[in-house]
Amino acid sequence: PMKKSQIALFTLLFLCSATLTAQVACPTVNPITVTRTTGGTGVSGSLPWAINCMNNVTPLNTIQFNITGAGPHIIQPIANAPFPTITKANAHIDGSTDNIVIDGTQGTGQSLVLAANNVKVNGLTLRNFASTSFPNGLVLSTGNGHDISTCQIFDNLVGISVARSVGSFTISNNNIGVDKSGT
């Protein structure tokens, strides 16, 4: 038989784990919707949470945005809320549904890193990754078949970094190194 103190400890551990699970629960159908500009992998509705869910839940492969209010909606990776590397094949980050800016002004976190086959990124603005630690607007680290389109990629030390291990990729209809007006 369990002692009262053991029962109390077990109950406390159960409640804490249930709370953590509820906080980071992932959807089970596409798309995953980002609804906020702040938060890490444990904050529902944040971009790090959405990437983490997409990477780890089998049927999920699409992230869209629906953030309240007029854009642009600025999302900044920070030391305690970094973006997970995208490791899901056939993933799609679709920024065309909202005016989304991934901004590296803080200088404490990397932008999006693609490390799977056939990852598509469209409709995002990736800017201000200009620190020596995090210089890349976008990183293609591994995989084949990446498709980067209709993005604005500017004010970074390196617009798009492509590792030697990356096979085929398409970069089309983007403004790289210039602002939206093309200047």
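Our structure's up above, just so we're on the same page.
What you see is a predicted model, and the numbers here were worked out from it, not measured in a lab. (Residues numbered from 1 in each chain as written. Predicted model: local features only at pLDDT ≥ 70, side-chain atom pairs only at ≥ 80, totals over all residues. Heavy atoms only, no water.)

Draft legend 1. Representation of a nonpolar patch on the surface in the model. A cluster of nonpolar side chains, contributed by Val-162, Phe-169, Ile-171 and Ile-176, occupies part of the molecular surface with about 300 Å² of accessible area. Topologically, Ile-176 is positioned in strand E14 (residues 175–176). Assessed through its relative accessible area of 41%, Ile-176 is described here as partly exposed. (Patch = residues over 30% accessible without salt bridge, like charges linked within 9 Å, V, L, I, M, F, W, Y side chains within 5 Å. Areas by Shrake-Rupley, 256 points an atom, 1.4 Å probe, with all protein chains shown as cover. Salt bridge = Lys/Arg side-chain N within 4 Å of Asp/Glu carboxyl O. Helix = DSSP H or I, 4+ residues; strand = E, 2+ residues; numbered from the N terminus. Buried < 20%, exposed > 50% of the residue type's maximum accessible area, 1.4 Å probe, protein only.)

Draft legend 2. Representation of the sheet that holds strand E2 (residues 62–65) within the structure. On the basis of which strands lie adjacent, the open sheet formed by 6 strands has the order E1-E2-E4-E7-E10-E13 and parallel pairing. This sheet does not close on itself; its edge strands, each paired only once, are strand E1 (32–34) and strand E13 (169–172). Between one strand axis and the next, the sheet turns by 10° as a mean value, whatever way the strands run. Where strand E10 (residues 146–149) and E13 come together, 4 bridges link them in parallel fashion. Following the sheet pairing, Asp-147 is matched in E13 by Thr-170. Relative to the sheet, helix H2 (residues 47–56) contacts E1, E2 and strand E4 (92–94), its axis offset from that of E1 by approximately 165°. (Pairing = 2+ DSSP bridges. Axes fitted to C-alpha atoms, helices over the stretch in contact; angles between N-to-C directions. Contact = heavy atoms within 4.5 Å.)

Draft legend 3. Representation of the pairing of strand E9 (residues 136–142) within the structure. The buried count for E9 comes to 5 of 7 residues, which makes it a mostly enclosed element. Direction of pairing for strand E6 (residues 112–115) relative to E9: parallel, over a ladder of 4 bridges. The residue bridging Leu-112 from the neighbouring strand is Leu-138, located in E9. Here E9 runs beside strand E12 (residues 158–162); their pairing, made up of 4 bridges, is parallel. Within E12, the residue paired with Leu-138 across the bridge is Ile-160.

Draft legend 4. Broad picture of H2. Along H2, 8 of the 10 residues are buried, which leaves the element largely enclosed by surrounding structure. Listed in full, the buried residues belonging to H2 are Leu-47, Pro-48, Trp-49, Ala-50, Ile-51, Cys-53, Met-54 and Asn-55. Its buried side turned inward, H2 meets E1, E2, strand E3 (73–75), E4, strand E5 (100–103) and E6. Its side-chain oxygen at 3.2 Å from the backbone nitrogen of Trp-49, Ser-46 defines the N-terminal cap of H2. (Polar contact = N/O pair within 3.5 Å; in protein donor to acceptor, adjacent residues only side chain to side chain.)

Draft legend 5. Region of interest: the environment of Thr-33. Within the element layout of this structure, Thr-33 appears in strand E1. Sequence separation of Thr-33 and Asn-66 is 33 residues, and the distance between their C-alpha atoms is 6.4 Å. In contact with Thr-33, other than residues within four places in its own chain, are Gly-45, Trp-49, Gln-64, Phe-65 and Asn-66.

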